[in-house]
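# Descriptive structure summary
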Amino acid sequence: MTDDTPQPLSLSDMVGHGIASLQGGDLAQAQLIFDAVLTVAPEHFDALHLRGIVAVNSKDPIQAVQWFLKALEINPNSAQAHANCGVALYELERYGEALAHYDTALALKPDFFQAHSNRGNALRQLNQIPAAINSYNKAIALNHQYAPAFYNRGVALQEAGQLLEAIGSYCQALALAPSDAQTHFNLGDAYHACMQLEAALSCYDKCIVLAPDYADAHNNRALVLRDLGRLDEALNSFSRAIAIAPMHADAHLNMGLTLLLKGDFKTGWELYEWRWKAKGTNLQIPYFEKTMWLGAPSLFNKTILIHAEQGLGDALQFCRYLRLLKNRGARVLLAVHHTLQPLLQSLDGVDVFITKGDALPPFDYHCPLLSLPLAMQTDMQSIPGPQSYLRADANKVRDWAERLGNKTKPRIGVVWSSTSKFKGDAQRSMAFSQFQQALPIAGFQYVCLQKEIKDSDRGSFAERNDIMFFGDQMHDFSDTAALAENMDLIISTCTSVPHLSGAMGKSTWILLGHIPDWRWMLHRDDSPWYSRMKLYRQGADWQWDAVLRRVHQDLIALFCK
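Summary of the structure given here. (Residues numbered from 1 in each chain as written. Predicted model: local features only at pLDDT ≥ 70, side-chain atom pairs only at ≥ 80, totals over all residues. Heavy atoms only, no water.)

With that settled, the discussion passes to the overall build of the protein. If you tally the helices and strands in the protein, you get 27 helices and eleven strands. Expected size for 561 residues packed as a compact globule is a radius of gyration near 24 Å; at 30 Å, the protein overshoots this value by more than 25%. Each of the 561 residues in the protein was classed as buried or not, and the buried ones make up 53%. Partitioning the contacts of the protein with sequence separation of at least 6, the portion at a separation of at least 24 is 61%. Summing over all exposed atoms, the protein offers an accessible surface of approximately 25800 Å²; the carbon and sulfur share of this is 51%. (Helix = DSSP H or I, 4+ residues; strand = E, 2+ residues; numbered from the N terminus. Rg over C-alpha atoms; globule rule 2.2 N^0.38 Å. Buried < 20%, exposed > 50% of the residue type's maximum accessible area, 1.4 Å probe, protein only. Contact = heavy atoms within 4.5 Å. Areas by Shrake-Rupley, 256 points an atom, 1.4 Å probe, with all protein chains shown as cover.)

A few words now on the packing of aromatic side chains. Taken as a whole and judged by the stated rule, the model has 24 aromatic pairs. With a centroid separation of 4.9 Å and an interplanar angle of 25°, the aromatic rings of Phe-185 and Tyr-214 are classed as stacked. With Phe-185 in helix 11 (residues 181–193) and Tyr-214 in the loop between helix 12 (197–210) and helix 13 (215–227), this residue pair connects regions lying 29 residues apart in the sequence. A residue is classified by how much of its surface remains accessible, and Phe-185, at 7% relative accessible area, is buried. Here Phe-288 and Phe-363 contribute two aromatic rings whose centre-to-centre distance is 5.6 Å and whose plane-to-plane angle is 85°, an arrangement assigned as edge-to-face. (Phe/Tyr/Trp six-rings, centres within 6.5 Å; stacked < 30°, edge-to-face > 60°.)

Alternating residues of strand 5 (residues 365–368) divide into Tyr-365 and Cys-367 and His-366 and Pro-368, and every residue in both groups is buried. In terms of strand pairing, strand 1 (residues 291–292) meets strand 5 through two bridges, oriented parallel. Across the sheet, Thr-291 pairs through a bridge with Tyr-365, a residue of strand 5. Bridging between strand 2 (residues 303–307) and strand 5 involves four bridges; their strand directions are parallel. Paired with Ile-306 across the strands is Cys-367, a residue of strand 5. (Pairing = 2+ DSSP bridges.)

Within the largest apolar cluster, 155 residues are counted, with the highest numbers of intra-cluster contacts made by Ile-304, Ile-306, Leu-322, Leu-325 and Leu-390. Among the elements that line this core, the one with the most residues is helix 15 (residues 249–262), at eight residues. With near-sequence residues (within four places) excluded, Leu-390 lies in contact with Leu-316, Cys-319, Leu-343, Leu-344, Ser-346, Leu-347, Ala-503 and Met-504. Judged by nonpolar contacts, the second largest core, of 24 residues, contains Phe-435, Val-547, Val-551 and Leu-555. (Core = buried A, V, L, I, M, F, W, Y, C linked by side-chain atoms within 4.5 Å.)

So, about the side chain of Asp-479. Locating Asp-479 in the fold gives a position in helix 25 (residues 477–485). In this structure Asp-479 comes out as buried when scored by relative accessible area, which is 4%.

The six strands are arranged 8-7-6-9-10-11 in an open sheet whose pairing can be described as parallel. Across the chains shown, the open sheet's two edge strands, defined by having one partner strand only, are strand 8 (467–468) and strand 11 (533–537). Pairing of strand 6 (residues 411–415) with strand 7 (residues 445–448), which is carried by four bridges, proceeds in the parallel orientation. Opposite Val-414, over in strand 7, you have Cys-448 as the bridge partner.

Here the focus is the pattern of salt bridges. Enumeration over the complete set of coordinates arrives at 21 salt bridges. Arg-221 is the partner of Asp-205 in a salt bridge, and the nearest nitrogen-oxygen pair spans 2.6 Å. A residue pair is termed long-range when its members are at least 10 positions apart, and Asp-205 in helix 12 and Arg-221 in helix 13 qualify at 16 residues. What makes Arg-221 partly exposed here is its relative accessible area of 21%. For Glu-309, the salt bridge goes to Arg-275, with nearest N and O atoms at 2.6 Å. Here the residue Glu-309 occupies a position in the loop between strand 2 and helix 17 (312–318), and Arg-275 occupies one in the loop between helix 16 (265–272) and strand 1, the gap between them amounting to 34 residues. (Salt bridge = Lys/Arg side-chain N within 4 Å of Asp/Glu carboxyl O.)

The geometry of helix 9 (residues 147–159) relative to helix 11 is characterised by a closest axis approach of 11 Å and an angle of 25° between their N-to-C directions. Considered as vectors, helix 9 and helix 11 are oriented roughly parallel to each other. In the packing of helix 9 onto helix 11, the handedness of the crossing is left-handed. Contact residues: helix 9 offers Tyr-151, Val-155 and Gln-158, while helix 11 offers Gln-182, Thr-183, Asn-186, Asp-189 and Ala-190. Class assignment for the residues of the contact of helix 9 with helix 11 results in three nonpolar, four polar and one charged. (Axes fitted to C-alpha atoms, helices over the stretch in contact; angles between N-to-C directions. Parallel < 35°, antiparallel > 145°, perpendicular 65-115°, else oblique. Left-handed = near helix turned anticlockwise from the far one by under 90°. Nonpolar A, V, L, I, M, F, W, Y, C, P; charged D, E, K, R; others polar.)

All right, on to helix 16 then. Phe-265, Gly-268, Trp-269, Leu-271 and Tyr-272 are the residues of helix 16 that are buried. The arc enclosing the buried residues of helix 16, seen along the axis, measures out at 165°, which places them on a common side. Elements that come into contact with the buried residues of helix 16 comprise helix 15, helix 17 and helix 20 (372–375). Among the residues of helix 16, the N-terminal cap falls to Asp-264, whose side-chain oxygen and the backbone nitrogen of Thr-267 are separated by 3.5 Å. (Arc of directions from axis to C-beta. Polar contact = N/O pair within 3.5 Å; in protein donor to acceptor, adjacent residues only side chain to side chain.)

Among the five residues of strand 11, four are classified as buried, and the element is accordingly described as predominantly covered. Here strand 10 (residues 508–512) pairs with strand 11 via five bridges, running parallel. Each residue of the ladder has a partner; that of Thr-508, found in strand 11, is Met-533.

This brings us to unusual backbone geometry. The peptide bond linking Ala-296 to Pro-297 adopts the cis configuration, its omega dihedral lying at 0°. Among the structural elements, Pro-297 can be located in the loop between strand 1 and strand 2. Look at Lys-59: it is not a glycine, yet its phi comes out positive at around 60°. Structurally, the position occupied by Lys-59 is in the loop between helix 3 (45–57) and helix 4 (61–74). Positioned with a positive phi, Asn-282 is a non-glycine residue whose angle comes to about 55°. With respect to the helices, strands and loops of the structure, Asn-282 is situated in the loop between helix 16 and strand 1.

Written as structure tokens, this is what we have:
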């Protein structure tokens, strides 16, 4: 007679069943099995290690680290356990510790290509980009078919500004894993940064086919459509992003900026308030106990703090609104960057100037400077002060006139780039070697209104000895204003200087990208914000050559009659 009683499973059999459950996606069953093994054998290395893998797959990296460390106490020479511990530590943003475990794993197993790739991820988070790229290259050398290494290398190259190399790496990743939506998304971003707009649009379209509810893809697709001048399609794509993710702040803000670009101020100003929550702005509204004022209640006999929240050009453009607050009976406090204060002393409507960061006097309400158009319900017909609202200090104007010497030729102030870290600065600035094509060699006295010359421009700028440069003699914007006052004309790309000259009522020509910042709108050669400004726009090819030729010709026509 045979004994049919089931025999108890061995620990190795139990671990085998647990692995099968883990591979089948039944994490709960796998956890029960490994816990049962550990009840009998608390120091069973495989069960401890696998228990950590269950925790990783259960999105519990804290528990995962604890399990992996227990496993490593039993077997410190397991390259796989060190590598997996590194993965869990990476999820906890403990990048230095993750790196140490990857290094140990690779010391134990130098050909561990996944560990090389993951090591690169930790190095990238530690801002060691060249070292990260080197780790990805090692992973790729060990396994030419490992798509994640190509993708991760693309991310690192993109962060390093090596966009063409990043594009190549993403394309290699897609050759191995063509259905990876995230790689299509990143490739779209890289193409967009290179202004290869049709290629970028195609990538986002492919991403959306693979991941229809990827709100960021709809948002970024809309940005490309905007740069292509297809604004209505862009608005539809922003709307789709918002329908998927109603709190997608960047999509709301980008839709608002697109509406402002089209001249739809009412809805545009409302959506512009999403700037405080958008990832792409890095703005954070200061915390005040007092209420933010957005048009109500009455300001009569009340004190309001206006704080400049963004760039110098923004402050120069929107400080025009303070006179309107004064007209409503308010006492107006203005907090601005210290470099603007001497200039803004000429501004009407301010009772107290405060350097940003200094202690604040008592006030009843506050309002960010760029929320004033919304508060004032500004439309195209009610923009305040388009003629002029800032004045240069008369004594400084005389001082700068003396430094310039006798005027024998038309004086042209020039600006071609900024030192801004603004993401889109490459589309609004240019190299001096290119910009100088707009400046006839003879018949003019040119004055650089930039305080700094980029290293990349120094060589070509030095070759033009007909351009005066004062650099460190320009201490703040009151000097820039006084120097600009001595000019017959200012020619600039989209920097803070044309806002200054425009606010002073100086004749200004501004050179703009095909789809410029929202404030310059579209399809017009003038600006409702500044009455003496002429706009020179790129064509749909996003190239400067035709713009520079027109400026060159117009300079000669205006001054060399």
